[in-house]
Amino acid sequence: MGYKVAVVGATGNVGREMLDILAERAFPADTVVALASRRSLGQEVSFGDKTLKVQALDQYDFSDTDICLMSAGGETSKEWSPRIGQQGCVVIDNSSAFRYDSDVPLIVPEVNADAVVGFTKKNIIANPNCSTAQLVVALKPLHEAATIKRVVVATYQSVSGAGKDAMDELFNQTRAVFTAGEVKVQKFTKRIAFNVIPHIDVFMEDGSTKEEWKMVAETKKMLDPKIKLTATCVRVPVFIGHSEAVNVEFERPLSAEEATQILRSAPGILVDDKREPGGYITPHEAAGEDATYISRIREDITVENGLSFWCVSDNLRKGAALNTVQIAEVLVNRKLIQPKQKAA
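Because the structure is predicted, anything quoted here is derived from the model rather than measured.

**Considerations on the overall build of the protein chain**
Summing up its helical and strand segments, the protein chain has ten helices and 14 strands in all. For 344 residues, the compact-globule estimate of 2.2 N^0.38 gives 20 Å, and the protein chain sits close to it at 20 Å. Reported as C-alpha extents along the three principal axes, the dimensions of the protein chain are approximately 60 × 55 × 40 Å. Counting over 344 residues, the protein chain shows a buried share of 54%. In the protein chain, the share of contacts with a sequence separation of at least 24, taken over all contacts with a separation of at least 6, comes to 68%. Carbon and sulfur atoms provide 50% of the accessible area of the protein chain, an area that totals close to 15,500 Å². Counting 40 positive and 45 negative side-chain charges, the protein chain places the averaged centre of each group 3 Å from the other.

**Describing the sheet that holds strand S11 (residues 242-250)**
Strands belonging to one sheet form pairs held by backbone hydrogen bonds; the direction of such a pair is parallel or antiparallel. Reading across the sheet, the six strands line up as S10-S9-S11-S14-S13-S12 and stay open at both edges, with mixed pairing between neighbours. Sheet topology places strand S10 (228-235) and strand S12 (269-271) at the edges, where each strand pairs with a single neighbour. Averaged over all adjacent pairs, the angle separating strand axes in this sheet is 25°, with direction ignored. When strand S13 (residues 292-300) meets strand S14 (residues 306-313), the two strands line up antiparallel, connected through seven bridges. Residue pairing across strands places Arg298 opposite Ser308, the latter belonging to S14.

**Considerations on the UniProt feature "domain: Semialdehyde dehydrogenase NAD-binding" (unreviewed entry) in the protein chain**
Under the present numbering, the feature "domain: Semialdehyde dehydrogenase NAD-binding" (unreviewed entry) in UniProt falls on residues 4-119. Structurally, residues 4-119 is divided into 25% helix and 27% strand, and its ends, taken at the C-alpha atoms, are 18 Å apart.

**Quick notes on a nonpolar patch on the surface**
Taken together, the side chains of Val177, Phe178 and Phe194 present a nonpolar region at the surface, about 340 Å² in accessible area. When you line up the elements, Val177 lands in helix H5 (residues 164-178). Its relative accessible area of 33% is what places Val177 among the partly exposed residues.

**Structural notes on the sheet that holds strand S8 (residues 124-126)**
The strand order across the open sheet formed by six strands is S5-S2-S1-S6-S7-S8, and the pairing between neighbours is parallel. Of all strands in the sheet, those bounded by a partner on one side alone are strand S5 (55-56) and S8. As defined by bridge partners, strand S1 (residues 3-8) adjoins strand S2 (residues 29-36) across six bridges and the pair is classed as parallel. Across the sheet, the residue bridging to Lys4 is Thr31, located in S2. Along the sheet face, helix H9 (residues 317-333) touches S1, strand S6 (67-70), strand S7 (90-93) and S8 and points at about 150° away from the line of S7.

**Notes on the packing of aromatic side chains**
Summed over the entire model, instances satisfying the criterion amount to four aromatic pairs. Taken together, a centroid distance of 4.7 Å and an interplanar angle of 65° make the contact between Tyr100 and Trp213 edge-to-face. Of this pair, Tyr100 sits in the loop between S7 and helix H3 (109-112) while Trp213 is found in helix H6 (residues 210-222), placing the two residues 113 residues apart along the sequence. We classify Tyr100 as partly exposed; its relative accessible area is 31%. Taking the ring centre of Trp80 as reference, the NZ or CZ of Arg83 above it sits at 4.3 Å.

**Describing the UniProt feature "binding site: phosphate" (unreviewed entry) in the protein chain**
In the numbering used here, UniProt assigns the "binding site: phosphate" (unreviewed entry) feature to Arg99. Relative to the assigned elements, Arg99 resides in the loop between S7 and H3. When near neighbours in sequence (up to four residues on either side) are disregarded, Arg99 contacts Asn94, Leu106, Ala126, Asn127, Pro128, Asn129, Lys214, Glu218 and Lys221. For Arg99, the side chain forms a polar contact with the main-chain oxygen of Asn94, separated by 3.0 Å.

**What to know about unusual backbone geometry**
A negative phi holds for most residues other than glycine; trans holds for most peptide bonds. Phi angles above zero are rare outside glycine, and Ala180 is one such case at about 55°. Although it is not a glycine, Lys335 sits at a positive phi angle of roughly 55°. In this structure, Lys335 sits in the loop between H9 and helix H10 (340-343). Overall, Lys335 belongs to the exposed group, its relative accessible area being 62%.

**A few points about the pattern of salt bridges**
Across all of its chains, the model carries 21 salt bridges by this definition. Between Lys274 and Asp272 there is a salt bridge whose closest N-O contact spans 3.0 Å. Among the ionic contacts, a cluster of salt bridges with common partners joins Glu17, Glu24, Arg25, Asp290, Arg317 and Glu329.

**Observations regarding the pairing of S6**
Burial along S6 is two-sided: the face carrying Ile67 and Leu69 and the face carrying Cys68 and Met70 are both buried. Examined bridge by bridge, S1 and S6 share four bridges and lie parallel to one another. Looking at the pairing, Val5 lines up with Ile67 of S6. In this fold, S6 hands off to helix H2 (residues 74-86), which returns the chain to S7; that crossover is right-handed.

Criteria and cut-off values
Residues numbered from 1 in each chain as written. Predicted model: local features only at pLDDT ≥ 70, side-chain atom pairs only at ≥ 80, totals over all residues. Heavy atoms only, no water. Helix = DSSP H or I, 4+ residues; strand = E, 2+ residues; numbered from the N terminus. Rg over C-alpha atoms; globule rule 2.2 N^0.38 Å. Buried < 20%, exposed > 50% of the residue type's maximum accessible area, 1.4 Å probe, protein only. Contact = heavy atoms within 4.5 Å. Areas by Shrake-Rupley, 256 points an atom, 1.4 Å probe, with all protein chains shown as cover. Lys, Arg positive; Asp, Glu negative; His and termini not counted. Charge placed at Lys NZ, Arg CZ, Asp CG, Glu CD. Pairing = 2+ DSSP bridges. Axes fitted to C-alpha atoms, helices over the stretch in contact; angles between N-to-C directions. UniProt positions renumbered as here; feature names shortened; annotations may be inferred. Patch = residues over 30% accessible without salt bridge, like charges linked within 9 Å, V, L, I, M, F, W, Y side chains within 5 Å. Salt bridge = Lys/Arg side-chain N within 4 Å of Asp/Glu carboxyl O. Phe/Tyr/Trp six-rings, centres within 6.5 Å; stacked < 30°, edge-to-face > 60°. Lys NZ or Arg CZ within 6 Å of the ring centre and 35° of its normal. Polar contact = N/O pair within 3.5 Å; in protein donor to acceptor, adjacent residues only side chain to side chain. Right-handed = clockwise from strand over helix to strand, strands pointing away.

Here's what the structure looks like:
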């Protein structure tokens, strides 16, 4: 018997990607159910070569469902994830609702898969922020090799991280620029077409944004609370794929050659670093791919034991849907959950 999996938020960018990845990776599910709010009731979504009719979340009984992949936003998750967990279904939540809860493991399988066992407290596992996920995949093997003291990161985040409406806004504004039409600003605080916006999520009291705070808090929770990290998060006019310029200071020396070898052999990473025109990865090439790509690896001589690199990944995949499915695979492969149908 296989597992029964529900995808909540199945009509959104990430929900659709979750369904695609479950099918691509042949996840051992006998039944996959697409759920969303009542306004999406009856819509159809693709799952492999099948079509699923969307059912309403508030009318669905989770008592015979094994895993719920949740991608319906923080408010929906706060309301529903605890209820679903209490019905014995493990929720893997893509929102920020439970990431900082000490009773909820925050997981990137390449980084801290062993921590997943903590899910039994609430039957909830949190997926990190998209910009943090790719960063910690790259930092983990380097931290093991030379112990990270401090990280300075600037992100170049695509509009798909803000949802389908944000993608539509970039498309519509770009078309308006070329047709001398009206450039309408709705989703973002400023025009995004042919522009960059140094503001993602709400502002905090200290002047940082919530997105920047998330990167700090999540890196500490998953990797090491001693790591100091500062981030500047920027929205750029790219549809899919987040990029990061990363500067790391280590406790011990680590040459660019050593770092390259370490990253080449690390799980989830592909190094493409030729030090010639075009010898690096951009979000355009990373879109639709599973890997976290590393380029531009070089020593930073302005600090002791410094290293800089460029990190790119598809934010809808490793930054969201792929990581969620990989967490579900950890639960299954380590036999941490059994199919309820089999148990019955």
